[in-house]
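Each chain, written out:
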Amino acid sequence: MTNRWTNAVAIIAAAFISVVFAQVTTGALSMPEGWIKAGSAPQSYDMGTSREEGKRVLVVRSRSVAEDTGFGTIMQQFAADEFKGKSVRFTAKVRSQGVGRTAGLWVRVDDVEHKVIAFDNMNDRAITGTTDWKNYQVVLPVKDTAATISFGILLAGKGEVQMTDISVEPVSAATPSTEKQRPTNKKPSNLNLEK
């Protein structure tokens, strides 16, 4: 009985979220100042702002031509000067509908030669399916060699994501990074299994 009740509640919740999404996203989207469209296939996505309950939300929505291999993102880029020697924390509330592949917040820190110093796109904790509003964050260290910081929300494949309550701020360098840690080994080790 409990299983049936849980399933019924989940179905009702998903239906409610779908209705709310339909109400919010049926209107035309407008590009907000300071934001740009980007990605491997930005032409496959509608991006911009929509109004919900008196406040603006950023929207990335796939068009019918969206392929499973491409992604779209709405983003900003700014100088890293005030963040050097600290970490950058990007937080926002996000909800999704019908995300088949992946969606998430992302931050990239580049040096003056446009080489990536730090990067996190939530790939290891991606937003998928249909979800209600939830808080997310990305935290990355900003080295003294940093020149620019880019951030945004991405959608890969079909579906839709909405983002609001956006904050980008410098935080202590001691703040734990959300970047998936790279291996520390310089070469393979203990191949004979003796240790």
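For the structure itself, look to the data block above.
The following refers to the structure shown. (Residues numbered from 1 in each chain as written. Predicted model: local features only at pLDDT ≥ 70, side-chain atom pairs only at ≥ 80, totals over all residues. Heavy atoms only, no water.)

**A word on the overall build of the protein**
Link 1 in the chain: Looking only at helices and strands, the protein features one helix and nine strands.
Link 2 in the chain: Counting from the amino terminus, the protein carries its helices and strands in the arrangement α-β-β-β-β-β-β-β-β-β.
Link 3 in the chain: A total of 195 residues make up the protein; the buried ones form 39% of that total.
Link 4 in the chain: Residue pairs at least 24 apart in sequence account for 78% of intrachain contacts in the protein once pairs closer than 6 positions are excluded. (Helix = DSSP H or I, 4+ residues; strand = E, 2+ residues; numbered from the N terminus. Buried < 20%, exposed > 50% of the residue type's maximum accessible area, 1.4 Å probe, protein only. Contact = heavy atoms within 4.5 Å.)

**Considerations on the pattern of salt bridges**
Link 1 in the chain: Here the structure, examined in full by the defined rule, presents ten salt bridges.
Link 2 in the chain: In this structure, the salt-bridge partner of R61 is D46, at a minimum N-O distance of 3.9 Å. One end of the pair, R61, is in strand β3 (residues 55-62); the other, D46, is in strand β2 (residues 45-52), with 15 residues separating them in the sequence.
Link 3 in the chain: Residue R61 is classed as buried on the basis of its relative accessible area of 16%.
Link 4 in the chain: In this structure D46 comes out as partly exposed when scored by relative accessible area, which is 23%.
Link 5 in the chain: Salt bridges linked by common partners bring D46, R61, R63 and E160 together as one network. (Salt bridge = Lys/Arg side-chain N within 4 Å of Asp/Glu carboxyl O.)

**So, unusual backbone geometry**
Link 1 in the chain: A positive phi angle, close to 65 degrees, is found at H114, a residue other than glycine.
Link 2 in the chain: On the secondary structure map, H114 appears in the loop between β5 (87-111) and β6 (116-120).
Link 3 in the chain: In this structure, D165 takes a positive phi of about 50 degrees despite not being glycine.

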